[in-house]
Amino acid sequence: MARVHALRRKSTLALRQRKAALLRQLALPPQAIRASVVERFGTCGKSNCACHQGQKHGPYYYLTQCLAPGRVQKFLLKSAADQQSAREATAAFNGFYEGLEELSQINTALLRRGEPLSGSGS
Ligand SMILES: [Zn+2]
């Protein structure tokens, strides 16, 4: 769910200034991945292994990505470097997405006020 920005009481000038700042700072992050990094512990196939008495193997880290309802892509992040890359990539996506969402909410508020949307002019 998107974070809701309280914009109703802000002046049109303040909205335009915030919009201009967002347009300056928002650049597509080259490493962006829309996904989650999840931690999992598991049991193995050896029946006498300690993992069946609660000492589960792990943690293992997976990248999980929902492509469509019911279609999730998931794979193991094998190395610490891959795990770090995945965390940075998902954080980069989320940061960009939050900025884009705020821009969308500002534009919606401007449209409601009958203001022009194109350009960053403040
Ligand atoms: Zn085991």
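Structure first, text after, so check above.
**Re helix H2 (residues 80-112)**
One full turn of an α-helix is made of 3.6 residues, so residues set three or four places apart face in the same direction.
Piece 1. Along its 33 residues, H2 runs 48 Å from first to last C-alpha, staying within 8% of the 48 Å computed at 1.5 Å per residue.
Piece 2. Immediately beyond the C-terminal end of H2, within one or two residues, lies Gly114, with a positive phi of roughly 75 degrees.

**Structural notes on the packing of aromatic side chains**
Piece 1. Overall, the coordinates contain one aromatic pair when judged by the stated rule.
Piece 2. Seen in terms of ring centroids, Phe93 and Tyr97 are 6.0 Å apart; in terms of plane orientation they differ by 15 degrees. Their pairing is stacked. Pair noted here: Phe93 and Tyr97 are both in helix H2, with a separation of four residues, about one helical turn.
Piece 3. Looking at Lys74, its charged tip hangs above the ring of Tyr62, at a distance of 4.8 Å from the centre.

**Structural notes on the pairing of strand S3 (residues 71-76)**
Piece 1. When strand S2 (residues 57-68) meets S3, the two strands line up antiparallel, connected through six bridges. Bridged to Thr64 within S3 is Lys74.
Piece 2. Between S2 and S3, which pair antiparallel one after the other, the connecting turn spans two residues, and Gly70 there sits at a positive phi close to 80 degrees.

Conventions adopted
- Residues numbered from 1 in each chain as written.
- Predicted model: local features only at pLDDT ≥ 70, side-chain atom pairs only at ≥ 80, totals over all residues.
- Heavy atoms only, no water.
- Helix = DSSP H or I, 4+ residues; strand = E, 2+ residues; numbered from the N terminus.
- Expected span 1.5 Å × (residues − 1).
- Phe/Tyr/Trp six-rings, centres within 6.5 Å; stacked < 30°, edge-to-face > 60°.
- Lys NZ or Arg CZ within 6 Å of the ring centre and 35° of its normal.
- Pairing = 2+ DSSP bridges.

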